[in-house]
Amino acid sequence: MMREIKFRAWNKKEKFLDTAWSIDFEHGLVCHRAHNQSNLLDCELMQYIGLKDKNGREIYEGDIVDFTFFDFHDNSTNHKGVVKYRSGIYEIWKNNDSEFFESDGPFILNFTWLQTEEFEVIGNIYENPELLEEKTHDR
């Protein structure tokens, strides 16, 4: 079974997330909504990664996910991060600028797809960037 190829777009100019986009490869890389066209330069495209979270919600690049990771000793740790595409694979980064969770690098979704019942989309980097902010505790 082939992975479904879908996109959504963040309209940078009008500040909204639109899932009713399509790509017309026959006429060049053009983004168009059902009711009007928009310049591709005004949009940030995000591709569906082919996985759904524990609630059945499709996961896209730029989504912020909350997840539990189990190591080889069945110890679990809870994390949240942003879905990114790099070097041909989807990864979860700690935030939009840093791939590192403590001393470890990103979580590679190719290795964690069996644990999709542990993933939950809680927002995205455009509408909910505060979800990735580090909380500091006053002493």
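Quick notes on the rules
- Residues numbered from 1 in each chain as written.
- Predicted model: local features only at pLDDT ≥ 70, side-chain atom pairs only at ≥ 80, totals over all residues.
- Heavy atoms only, no water.
- Helix = DSSP H or I, 4+ residues; strand = E, 2+ residues; numbered from the N terminus.
- Buried < 20%, exposed > 50% of the residue type's maximum accessible area, 1.4 Å probe, protein only.
- Contact = heavy atoms within 4.5 Å.
- Areas by Shrake-Rupley, 256 points an atom, 1.4 Å probe, with all protein chains shown as cover.
- Salt bridge = Lys/Arg side-chain N within 4 Å of Asp/Glu carboxyl O.
- Pairing = 2+ DSSP bridges.
- Polar contact = N/O pair within 3.5 Å; in protein donor to acceptor, adjacent residues only side chain to side chain.

Caption draft 1: Up close: the overall build of the protein chain. For the protein chain, the count of helices and strands is one helix and 11 strands. Looking at the protein chain residue by residue over its 139 residues, the buried ones come to 35%. In the protein chain, once contacts between residues fewer than 6 apart in sequence are set aside, the share between residues at least 24 apart is 46%. Accessible surface, the protein chain as shown: approximately 9,300 Å² in total, 50% of it carbon and sulfur.

Caption draft 2: Here's a closer look at the pattern of salt bridges. Applying the stated rule across the entire model yields five salt bridges. Arg8 is the salt-bridge partner of Asp63, the closest N and O atoms lying 2.4 Å from each other. On the criterion of sequence distance, the pair formed by Asp63 in strand β7 (residues 63-70) and Arg8 in strand β1 (residues 7-11) is long-range, its members being 55 residues apart. Since its relative accessible area comes to 5%, Arg8 is described here as buried.

Caption draft 3: Quick look at the pairing of strand β5 (residues 43-52). When β1 meets β5, the two strands line up antiparallel, connected through five bridges. Each bridged residue has a counterpart across the sheet, and for Arg8 the counterpart in β5 is Met46. Alignment of β5 against strand β6 (residues 58-60), held across two bridges, turns out to be antiparallel. For Tyr48, the partnering residue across the bridge sits in β6 and is Tyr60. Where β5 folds back on β6, the antiparallel hairpin that results is connected by five residues, among which Gly56 adopts a positive phi of roughly 85°.

Caption draft 4: Layout of the environment of Asn95. Mapped onto the elements of the fold, Asn95 is located in the loop between β9 (89-93) and β10 (107-108). Sequence separation between Asn95 and Ile64 is 31 residues, and the spatial gap between their C-alpha atoms is 8.8 Å. The residues touching Asn95, leaving out its near neighbours within four places in the chain, are Val82 and Leu132. At 2.8 Å, the side chain of Asn95 and the backbone nitrogen of Asp97 are in polar contact. From its side chain, Asn95 meets the backbone nitrogen of Ser98 in a polar contact 2.8 Å long.

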